[in-house]
Amino acid sequence: MQSIPRRIYTDDFKAQAVSLSDRVGRTTAARQLDVPVKTLAHWVAAAREGKPLSSAQRPTISDLQSEIARLQAENAQLKMEREIR
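Here is a short report on the structure shown in this document. (Residues numbered from 1 in each chain as written. Predicted model: local features only at pLDDT ≥ 70, side-chain atom pairs only at ≥ 80, totals over all residues. Heavy atoms only, no water.)

## Topic: helix 4 (residues 63–84)
Move 1: Taking 1.5 Å of rise per residue, 22 residues should cover 32 Å, and helix 4 covers 32 Å from first to last C-alpha, within 8% of that figure.
Move 2: Along helix 4, the residues that are buried comprise Ala69, Ala73, Ala76 and Met80. Taken down its axis, helix 4 places every buried residue within 55° of arc, on the same side. Among the exposed residues of helix 4, those oriented more than 90 degrees off its buried face are Asp63, Leu64 and Arg82.
Move 3: Buried positions along helix 4 lie against helix 1 (11–24) and helix 2 (26–33). (Helix = DSSP H or I, 4+ residues; strand = E, 2+ residues; numbered from the N terminus. Expected span 1.5 Å × (residues − 1). Buried < 20%, exposed > 50% of the residue type's maximum accessible area, 1.4 Å probe, protein only. Arc of directions from axis to C-beta. Contact = heavy atoms within 4.5 Å.)

## With respect to the packing of helix 1 against helix 2
Move 1: The contact between helix 1 and helix 2 brings their axes to 7 Å, and the two run at 135°. Judged on the interaxial angle alone, helix 2 and helix 1 are oblique. Viewed along their axes, helix 1 and helix 2 form a crossing whose handedness is right-handed. Residues Phe13, Ala17, Leu20, Ser21 and Val24 of helix 1 form the contact with helix 2, whose own contacting residues are Arg26, Thr28, Ala29, Gln32 and Leu33.
Move 2: By residue class, the composition of the contact of helix 1 with helix 2 is six nonpolar, three polar and one charged. (Axes fitted to C-alpha atoms, helices over the stretch in contact; angles between N-to-C directions. Parallel < 35°, antiparallel > 145°, perpendicular 65-115°, else oblique. Left-handed = near helix turned anticlockwise from the far one by under 90°. Nonpolar A, V, L, I, M, F, W, Y, C, P; charged D, E, K, R; others polar.)

## Quick notes on the packing of aromatic side chains
Move 1: Applying the stated rule across the entire model yields three aromatic pairs.
Move 2: Taking 5.4 Å as the distance between ring centres and 10° as the angle between the ring planes, the aromatic pair formed by Tyr9 and Phe13 counts as stacked. For the pair Tyr9 and Phe13, a shared accessibility class is recorded, and that class is buried.
Move 3: Taking 6.3 Å as the distance between ring centres and 90° as the angle between the ring planes, the aromatic pair formed by Phe13 and Trp43 counts as edge-to-face. Of this pair, Phe13 sits in helix 1 while Trp43 is found in helix 3 (residues 37–48), placing the two residues 30 residues apart along the sequence.
Move 4: Taking relative accessible area as the criterion, Phe13 reaches 3% and is therefore assigned buried. (Phe/Tyr/Trp six-rings, centres within 6.5 Å; stacked < 30°, edge-to-face > 60°.)

Don't take any of this as a statement about function, it's just geometry.
Shown next as structure tokens:
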């Protein structure tokens with residue numbers, strides 16, 4: 001049986017996801033960002049408790065990967081704004 005590869009999210013992506021979740025709701029934000037609702041719930045809980053969103057076990061992310069994650073979050077927000085209009 002094949003294992004499912006684990007997705008890696010940047011700290012910036014997590015912070016933007018939490019912010020989007022506060023504005024549009026957890027389920028909607030998770031759907032727009034293609035992130036499991038449970039994962040987003042963990043990030044929101046950590047942010048509310050003032051804990052860092054980063055993981056010490058995570059490998060470093062290149063600048064290019066970080067930019068891709070930022071653009072994905074921005075794209076999700078723009079889609080949400082377009083739907084409101």
